[in-house]
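Read off the chains here:
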4 protein chains.
Amino acid sequence: MTARLIGQPAPALDVSRWFNADGPVLLENLRGQVVVIEAFQMLCPGCVAHGLPQAQRIQAHFPAMSVQVLGLHTVFEHHAAMLPVSLEAFLHEYRITFPVGVDTAGTGDLPKTMETYGLRGTPSLLLIDRNGHLRAAHFGQVSDLQIGAEIAMLLSELAGCTEDGCPVPATG
Amino acid sequence: MTARLIGQPAPALDVSRWFNADGPVLLENLRGQVVVIEAFQMLCPGCVAHGLPQAQRIQAHFPAMSVQVLGLHTVFEHHAAMLPVSLEAFLHEYRITFPVGVDTAGTGDLPKTMETYGLRGTPSLLLIDRNGHLRAAHFGQVSDLQIGAEIAMLLSELAGCTEDGCPVPATG
Amino acid sequence: MTARLIGQPAPALDVSRWFNADGPVLLENLRGQVVVIEAFQMLCPGCVAHGLPQAQRIQAHFPAMSVQVLGLHTVFEHHAAMLPVSLEAFLHEYRITFPVGVDTAGTGDLPKTMETYGLRGTPSLLLIDRNGHLRAAHFGQVSDLQIGAEIAMLLSELAGCTEDGCPVPATG
Amino acid sequence: MTARLIGQPAPALDVSRWFNADGPVLLENLRGQVVVIEAFQMLCPGCVAHGLPQAQRIQAHFPAMSVQVLGLHTVFEHHAAMLPVSLEAFLHEYRITFPVGVDTAGTGDLPKTMETYGLRGTPSLLLIDRNGHLRAAHFGQVSDLQIGAEIAMLLSELAGCTEDGCPVPATG
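Described below are features of the structure shown in this document. Not measured: the values here are computed from a predicted model.

1. Comments concerning the overall build of chain A
When helices and strands are counted, chain A shows four helices and six strands. Its helices and strands taken in sequence order, chain A reads β-β-α-β-α-β-α-β-β-α from the N to the C terminus. For chain A, whose C-alpha radius of gyration is 16 Å, the value lies close to the compact-globule estimate of 16 Å for 172 residues. Taken over the C-alpha atoms alone, chain A extends approximately 50 × 35 × 30 Å along its principal axes. Going through the 172 residues of chain A one by one, you find that 52% of them count as buried. In chain A, 75% of the contacts between residues at least 6 apart in sequence involve partners at least 24 apart. When the accessible surface of chain A is summed, it comes to about 7,900 Å², and 54% of that surface belongs to carbon and sulfur atoms.

If you want it as structure tokens, here you go:
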């Protein structure tokens, strides 16, 4: 279940390969930005029809300095059909330009990040606040009105501040 | 131009008749809520296809205690074709349940509220903050992502506070 | 019920006023063409969203010499809301350019042509063959694939021929 | 160019593997039926969004005895990304149940059937009449109204008859 993670520091992404990025994308380097993660499979019809176009609209609407959109290819079925060589062509053909990480294969069918986050399936949309805390996880279709509102709520929060207040930054 | 009004107290609505309401709806009674006004004409195709369905989605998504959706029938052409008797049937057939005011006829083609607000046409979407200030005016189509974000930004502001700070309420 | 009329000569349209036409449009003058009649009400959401755009697509796709599209405003409720003055503005705003007849008011709520044809409601799409026989009547939404096929079937029939054969034209 | 083939006997499909079929599907065994061939690539966005759903609507609307829908996977780019193992998962996830043939790889990028037919790209929709003649080839999006009409025109032709007349079948 993702529920227990809501409000907690977002676990690191366990990614075996990144596309559309110069080197690994680390969540800890994205503090200060709201991070939107679209977890998808390239052969999942709901991801292609709804989830990924929504992620592209989010990328187009919000300034990149404020909102960073990431894709996470969380393959949990038909593994041989969705290898990185196929994903690469898919990203090219569908004009997806935000960074996309390949979720590292696990010991069972579920890839590692998908298991850590307890995702229910694809598409899943994750929202991480400016302080790196996971704040929302949506499985399936969710309206633009709702996602727009949720992102704006996170944008209106000051980095460094949490729901508990604005702490003095820890020093070494 | 509406631009000069942005950030100013929203002018009163000059309405000759209300539908879906028990008596006149006054903006000053809606302090503390974000107010969304959909200015439309019942025979405007863009209003029927985009503007009004979006207003209905806003009404459905946000709690009524936080966000009040209003319609404003701003007829500026084909006046004889869009009399209140036609509007009433229209609201019934399109299942519009939020309060809708008929913008009072002016001396020329433009009705009075439309003229006061300097609206560019229909559909127009107006956003008023918890303190009764006009904060945005959109003419034509605007995305759900954007409207969702703008409403949430206004919701995140405390009533009584403005961009200048949080003043002590004036007393008599 | 329309069912009993299928295959029979299409009854004359009882129309009190025509728009987008130079004088009355008579079915008997349209022999040799396939006639598509879109029966609608201007305040019927399904007509505005589906029926009328489909009629416009039919008009745009098939040559006017082969297929004549007609509208029939069959008001059976909210009569005062859909008077000809409102219909005229509606046709203008929705860019409807095919001839539209106002179905003559009856003694009850149903207008006369609607009653004669036994229509079940709006939108209804009627198809009349090259010989003036009613061949199909659809209530509600019907797919473009189906309508395209039905019109083509009627176009493939020779005028003068019927399902019974090709009679020698009667002479006086 | 496909144009030179219109009206000619449709060339045989050169297929290396069939899905959703018990053994090879041969055009010569489909005489008497109208055959609709959807040529596509599984990573072509226009195929996924428009071409394949239209083929599924055709399959659903017309009786299988009259109209046979076939898919043809004509990969001409990203070959390693669209191997049969990926296609198989794709067909499963998108609920495609009509027979789909993998166009045999050629010496260059173009697969063999695609080259023989001179297809301009994907999606392409081919229509073959009851006598096995190629009658239409559409590249890109084409409306349901048009395809419905074209299929119906072919259905209205008698098998064995051509535009030249109805020949006595040849005997051995």
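2. Describing the relation of the copies chain D and chain A
Of the transformation placing chain D onto chain A, the axial shift is 0.0 Å and the rotation is 180°, giving an RMSD of 0.0 Å. Classification of the inter-copy transformation places it as that of a two-fold axis. Interface overlap between copies is the fraction of interface residues in one copy that are interface residues in the other; for chain D against chain A it reaches 100%, indicating a shared surface.

3. Overview of the interface of chain D and chain A
Residue-level contacts link 16 residues of chain D with 16 residues of chain A. Both sides together, the interface formed by chain D and chain A hides about 1,300 Å², and carbon and sulfur atoms give 65% of it. Among the residues chain D hides against chain A, the three largest losses belong to L43(D), E93(D) and Y94(D). Together they make up 38% of the total. Scanning the region where chain D abuts chain A turns up zero salt bridges. At the junction of chain D and chain A, the tally comes to four residue pairs in polar contact (both at pLDDT 80 or more). Taken together, the elements giving at least two residues each to the side of chain D that touches chain A come down to helix 1 (45-61) and helix 2 (84-93) of chain D. For the side of chain D that touches chain A, the element with the most residues is helix 2 of chain D, which contributes six residues. For the side of chain D that touches chain A, the per-class residue count stands at 11 nonpolar, three polar and two charged.

4. Observations regarding the sheet that holds strand 6 (residues 134-139) of chain A
Residues and elements named next belong to chain A. Spatial ordering of the open sheet is given by 1-4-3-2-5-6, a layout of six strands whose pairing is mixed. Lying at the two open borders of the sheet, with one neighbouring strand each, are strand 1 (15-19) and strand 6. Recorded for the sheet is a direction-independent mean angle of 20° between the axes of neighbouring strands. As paired elements, strand 3 (residues 67-73) and strand 4 (residues 100-103) share three bridges and run parallel to each other.

5. A closer look at the packing of aromatic side chains
All names here are of chain A. Under the criterion given, the structure shown has eight aromatic pairs over all chains. Seen from their ring centres, F40 and F90 are 6.3 Å apart, and the 25° between their planes marks the pair as stacked. Remark: F90 occurs in helix 2 (residues 84-93) and F40 occurs in strand 2 (residues 34-40); sequence separation between them is 50 residues. Residue F40 is classed as buried on the basis of its relative accessible area of 0%. Among the residues examined, F90 registers a relative accessible area of 1% and is labelled buried. Three or more aromatic residues joined by ring pairs form one cluster here, namely F40, F90 and Y94.

6. Re the interface of chain B and chain C
Counting from both sides, the interface comprises 16 residues of chain B and, opposite them, 16 residues of chain C. At the boundary of chain B with chain C, total buried surface from both sides reaches about 1,300 Å², with 65% on carbon and sulfur atoms. Looking only at chain B, the three residues that lose the most surface to chain C are L43(B), E93(B) and Y94(B), adding up to 38% of its buried area. Where chain B meets chain C, there are zero salt bridges. In this assembly, chain B and chain C are joined by four residue pairs in polar contact (both at pLDDT 80 or more).

7. Things to note about the pattern of salt bridges
Residues and elements named next belong to chain A. Enumeration according to the criterion identifies 12 salt bridges over all chains in this entry. The shortest N-O distance in the salt bridge between D144 and R57 comes to 2.9 Å. A residue pair is termed long-range when its members are at least 10 positions apart, and D144 in helix 4 (residues 144-156) and R57 in helix 1 (residues 45-61) qualify at 87 residues.

8. What to know about the side chain of R130(B)
Residues and elements named next belong to chain B. When you line up the elements, R130 lands in the loop between strand 5 (124-128) and strand 6 (134-139). At 6.8 Å, E157 is the nearest oppositely charged side chain to R130, a buried residue that forms no salt bridge. From its side chain, R130 meets the backbone oxygen of L155 in a polar contact 2.7 Å long. In this structure the side chain of R130 is engaged in a polar contact, spanning 2.8 Å, whose partner is the backbone oxygen of E157. Those residues in contact with R130 that lie beyond four places of it in its chain are R31, G32, Q33, V34, L154, L155, E157, L158 and A159.

9. Topic: the relation of the copies chain B and chain C
Under the fitted operation, chain B is carried onto chain C by 0.0 Å of movement along the axis and a turn of 180°, and the coordinates agree to an RMSD of 0.0 Å. Mapped onto chain C, 100% of the interface residues of chain B again fall at the interface, so both copies present the same surface.

10. Some thoughts on the state of the cysteines
All names here are of chain A. In the structure shown here, the tally under the stated rule is four disulfides over all chains. Paired through a disulfide, C44 and C47 show a sulfur-sulfur distance of 2.4 Å. Residues C44 and C47 share a disulfide whose torsion about the S-S bond is about 85°; that sign makes it right-handed. In this structure, C44 and C47 share a single accessibility class: buried.

11. Thoughts on the sheet that holds strand 2 (residues 34-40) of chain B
Within a sheet, each strand pairs with its neighbour through backbone hydrogen bonds, oriented either parallel or antiparallel. All names here are of chain B. Pairing is mixed across the open sheet formed by six strands, whose spatial order is 1-4-3-2-5-6. The two strands at the open ends of the sheet, each matched to only one other strand, are strand 1 (15-19) and strand 6. When the angles between neighbouring strand axes are averaged without regard to direction, this sheet yields 20°. Where strand 1 and strand 4 (residues 100-103) come together, four bridges link them in antiparallel fashion. If you follow V15 over to strand 4, its bridge partner there is D103. Where helix 2 (residues 84-93) meets the sheet, it contacts strand 1, strand 2, strand 3 (67-73) and strand 4, and its direction lies at approximately 30° from that of strand 1.

Cut-offs used in this document
- Along every chain, residues carry numbers that run from 1 in the direction the sequence is written.
- Note on labels: chains are lettered from A, ligands numbered from 1, in written order.
- Residues qualify for local features only when their pLDDT is at least 70, as the model is predicted, and side-chain atom pairs are given and counted only at 80 or more; totals for whole chains, interfaces and linings, by contrast, use all residues.
- No hydrogens and no water enter the side-chain calculation; it runs on all heavy atoms of the structure.
- Numbered from the N terminus, helices here are DSSP runs of H or I no shorter than four residues, and strands are runs of E no shorter than two.
- Taken over C-alpha atoms, the radius of gyration is set against a globule rule of 2.2 Å times the number of residues to the power 0.38.
- The cut-offs for exposure are 20% and 50% of the maximum accessible area for each residue type, with area from a 1.4 Å probe on protein chains only; residues under the lower value are buried, those over the upper are exposed, and the others partly exposed.
- In this analysis, two residues are considered to be in contact whenever any of their non-hydrogen atoms come within 4.5 Å of each other.
- For accessible areas, the Shrake-Rupley method is used with a probe of radius 1.4 Å. Any residue's cover is judged against the shown protein chains and nothing else.
- All copies are superposed by least squares; the fitting set is the C-alpha atoms of residues with a pLDDT of at least 70 in both.
- Note on definitions: buried area is the accessible-area loss of two parts on being combined, 1.4 Å probe, summed for both.
- When a carboxyl oxygen of Asp or Glu lies within 4 Å of a side-chain nitrogen of Lys or Arg, that pair is called a salt bridge.
- Think of a polar contact as two N or O atoms within 3.5 Å of one another; within protein, one of them needs to be a possible hydrogen donor and the other a possible acceptor, and neighboring residues in sequence only count if both atoms come from side chains.
- Think of it as three bins: nonpolar holds Ala, Val, Leu, Ile, Met, Phe, Trp, Tyr, Cys and Pro, charged holds Asp, Glu, Lys and Arg, and polar takes everything else, Gly as well.
- A pair of strands counts as paired when DSSP detects no fewer than two bridges linking them.
- Only the stretch in contact is used when fitting a helix axis, every axis being a line fitted to C-alpha atoms; angles between N-to-C directions are given from 0 to 180 degrees.
- Each Phe, Tyr or Trp ring (for Trp, its six-membered ring) is paired with any other whose centre lies within 6.5 Å, and the angle between the two planes then decides the class: stacked below 30 degrees, edge-to-face above 60, tilted in between.
- Lys and Arg are tallied as positive, Asp and Glu as negative. Neither His nor the chain termini are counted.
- Note on terminology: disulfide denotes any pair of cysteine sulfur atoms within 2.5 Å.

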